[in-house]
Amino acid sequence: MTVTEPSPPGDGRTERPVAVVTGANRGIGRDVARQLAGHGFVVIAGARDPGQGERTARQLDPAGGTVIALRLDVTDPATIEAAARWTADNLGRADVLVNNAAIHYDTWQQAQNADLGVVREALDTNLLGAWRTTQAFLPLLRRSAHARIVNVSSEGGSISEMTGGTPAYSVSKAALNALTRLLAGELRADRILVNAVCPGWTDTDMGRGGRPVAEGAASVMWAVLLPDDGPTGGFYRDGQPLPW
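Below is a summary of the structure that appears in this document. (Residues numbered from 1 in each chain as written. Predicted model: local features only at pLDDT ≥ 70, side-chain atom pairs only at ≥ 80, totals over all residues. Heavy atoms only, no water.)

**Focus: the nonpolar core**
Logical step 1: By size, the foremost hydrophobic cluster in this structure holds 32 residues, and its most contacted members are Ile 44, Phe 137, Leu 141 and Ile 192.
Logical step 2: For this core, the secondary structure elements donating two or more residues are β1 (18–21), β2 (42–47), β3 (67–71), α3 (77–90), α4 (116–143) and α5 (167–187).
Logical step 3: Examining the composition of this core, we find that seven residues originate from one element, α4, more than from any other.
Logical step 4: The contacts of Ile 192, once residues within four sequence positions are left out, are Leu 138, Leu 141, Arg 142, Ala 147, Ile 149, Leu 187 and Thr 232.
Logical step 5: Formed by 24 residues, the second largest nonpolar core is a distinct cluster that contains Ala 33, Leu 36, Val 150 and Val 224. (Core = buried A, V, L, I, M, F, W, Y, C linked by side-chain atoms within 4.5 Å. Buried < 20%, exposed > 50% of the residue type's maximum accessible area, 1.4 Å probe, protein only. Helix = DSSP H or I, 4+ residues; strand = E, 2+ residues; numbered from the N terminus. Contact = heavy atoms within 4.5 Å.)

**Side note on the side chain of Thr 22**
Logical step 1: With respect to the secondary-structure elements, Thr 22 resides in the loop between β1 and α1 (27–38).
Logical step 2: For Thr 22, a relative accessible area of 1% translates into the label buried.
Logical step 3: One polar contact links the side chain of Thr 22 to the main-chain amide nitrogen of Asn 100, over a distance of 2.9 Å.
Logical step 4: For Thr 22, the contacting residues outside a window of four places in its chain are Gly 46, Leu 72, Val 74, Val 98, Asn 99, Asn 100, Ala 101 and Thr 133. (Polar contact = N/O pair within 3.5 Å; in protein donor to acceptor, adjacent residues only side chain to side chain.)

**Re the environment of Ala 175**
Logical step 1: With respect to the helices and strands, the residue Ala 175 is situated in helix α5.
Logical step 2: Ala 175 gets classed as partly exposed once you look at its relative accessible area, which sits at 22%.

**Quick notes on the pattern of salt bridges**
Logical step 1: Inspection of every chain in the model, using the stated rule, returns seven salt bridges.
Logical step 2: A salt bridge links Arg 237 to Glu 155, with the shortest nitrogen-to-oxygen separation between them at 2.6 Å. Of the two residues, Arg 237 is situated in strand β7 (residues 235–237) and Glu 155 in the loop between β5 (148–152) and α5; the sequence distance between them amounts to 82 residues.
Logical step 3: What makes Arg 237 partly exposed here is its relative accessible area of 25%. (Salt bridge = Lys/Arg side-chain N within 4 Å of Asp/Glu carboxyl O.)

**Some words on the sheet that holds strand β8 (residues 240–241)**
Logical step 1: A sheet is described by the order of its strands in space; here eight strands give the open sequence β3-β2-β1-β4-β5-β6-β7-β8, paired in mixed fashion. The two strands at the open ends of the sheet, each matched to only one other strand, are β3 and β8.
Logical step 2: Pairing analysis gives five bridges linking β2 to β3, with the strands arranged parallel. If you follow Ala 45 over to β3, its bridge partner there is Ala 69.
Logical step 3: Where α1 meets the sheet, it contacts β1, β2, β3 and β4 (96–99), and its direction lies at approximately 175° from that of β1. (Pairing = 2+ DSSP bridges. Axes fitted to C-alpha atoms, helices over the stretch in contact; angles between N-to-C directions.)

**A few points about the packing of aromatic side chains**
Logical step 1: Overall, the coordinates contain three aromatic pairs when judged by the stated rule.
Logical step 2: When the ring of Tyr 105 is compared with that of Tyr 169, the centres are 5.0 Å apart and the planes differ by 85°; the resulting orientation is edge-to-face. On the criterion of sequence distance, the pair formed by Tyr 105 in the loop between β4 and α4 and Tyr 169 in helix α5 is long-range, its members being 64 residues apart.
Logical step 3: Of the residues examined, Tyr 105 reaches a relative accessible area of 37% and is grouped as partly exposed.
Logical step 4: With a centroid separation of 4.8 Å and an interplanar angle of 55°, the aromatic rings of Trp 222 and Tyr 236 are classed as tilted. (Phe/Tyr/Trp six-rings, centres within 6.5 Å; stacked < 30°, edge-to-face > 60°.)

**Structural notes on α4**
Logical step 1: With 28 residues, α4 should reach 40 Å at 1.5 Å per residue; the first-to-last C-alpha distance of 39 Å fits that figure.
Logical step 2: Most pronounced at Phe 137, the bend in α4 amounts to some 55°, and the proline Pro 139 follows within four residues. (Expected span 1.5 Å × (residues − 1). Bend = angle between axes of the 7 residues up to and from the residue.)

**Quick word on the packing of α1 against helix α6 (residues 213–224)**
Logical step 1: Taken N-terminus to C-terminus, the directions of α1 and α6 make an angle of 60°; their axes are 8 Å apart at the nearest point. On the basis of the axis angle, α1 is oblique to α6. With respect to the hand of their crossing, α1 and α6 are arranged in right-handed fashion. Counted together, Gly 27, Ile 28, Asp 31, Val 32, Arg 34, Gln 35 and Leu 36 of α1 and Val 213, Ala 214, Gly 216, Ala 217, Ala 218, Val 220, Met 221 and Val 224 of α6 form the full contact between these two elements.
Logical step 2: Looking at the contact of α1 with α6, its residues break down into 10 nonpolar, three polar and two charged. (Parallel < 35°, antiparallel > 145°, perpendicular 65-115°, else oblique. Left-handed = near helix turned anticlockwise from the far one by under 90°. Nonpolar A, V, L, I, M, F, W, Y, C, P; charged D, E, K, R; others polar.)

**Some words on the pairing of β3**
Logical step 1: Among the five residues of β3, four are classified as buried, and the element is accordingly described as predominantly covered.
Logical step 2: Between β2 and its parallel partner β3, the chain crosses via helix α2 (residues 50–60), and the hand of that crossover is right-handed. (Right-handed = clockwise from strand over helix to strand, strands pointing away.)

**Some remarks on empty space enclosed by the protein**
Logical step 1: As enumerated under the stated definition, the model contains one cavity of 30 Å³ or more in all.
Logical step 2: Of the volumes computed, that of the largest cavity is approximately 50 Å³.
Logical step 3: Around the largest cavity, the lining is made up of 13 residues, and of these Asn 99, Asn 100, Ala 101, Thr 125 and Ala 130 lie nearest the centre.
Logical step 4: Mapped onto the lining of the largest cavity, the elements with two or more residues apiece are α4 and α5.
Logical step 5: Residue contributions to the lining of the largest cavity peak at five residues, all from α4.
Logical step 6: Its residues assigned to classes, the lining of the largest cavity comprises five nonpolar, seven polar and one charged. (1 Å grid on protein atoms, 1.4 Å probe; cavity = no way out; pocket = protein on both sides within 12 Å on 5 of 7 lines; lining within 4 Å. Points joined across faces, edges and corners; volume = space filled by probe spheres on them.)

Structural measurements only, silent on function.
The structure is reproduced here in structure tokens:
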């Protein structure tokens, strides 16, 4: 599943909380993984490219056992299911899922003449990828007493703020926000908090410029670290509500 099969901590079970992060090899996902490790989580760093995932794990956790790289391509159900099985078999739990993987900030397009192939690709990763991954990890999340699902969205997905441009990205993030609302309502009885978070304009490969990546990742961490009586089904940046 990776270039070298990762070794689970201890006897294959952990008392530490476990967080799964998709797209963890760069940008917001990488720094979320770093911050999660700093808060005492064992982190599954999911990456489409196993080599990049392993480099990230070595950089963030040279001693090993805290940040574990797994191949996880959110467009490939087989890799998602394999990652969920590995997590169940070797760690025995998952407490947090951060659906971060995203593509196609399509500043070159307008809705009126958009390449629908690009739109389809964005939906497959940004919406369906999060949906697939959530479904695969739900059995583990349901076992947790403090489960959190955080969908990394964007203010570009705010329907009330849309005026045109970036159609593939904006529509896919609006749809991700809708999924957030549906999951929050359905999983309330399971005590799973589900929220969408905008990290803001951040200096990543996708965004270029903007605020430091650590600040954008901290916006995501706010939703990860919510108390059990915290909000669910919301859309936030830096802990403040955003318009839908």
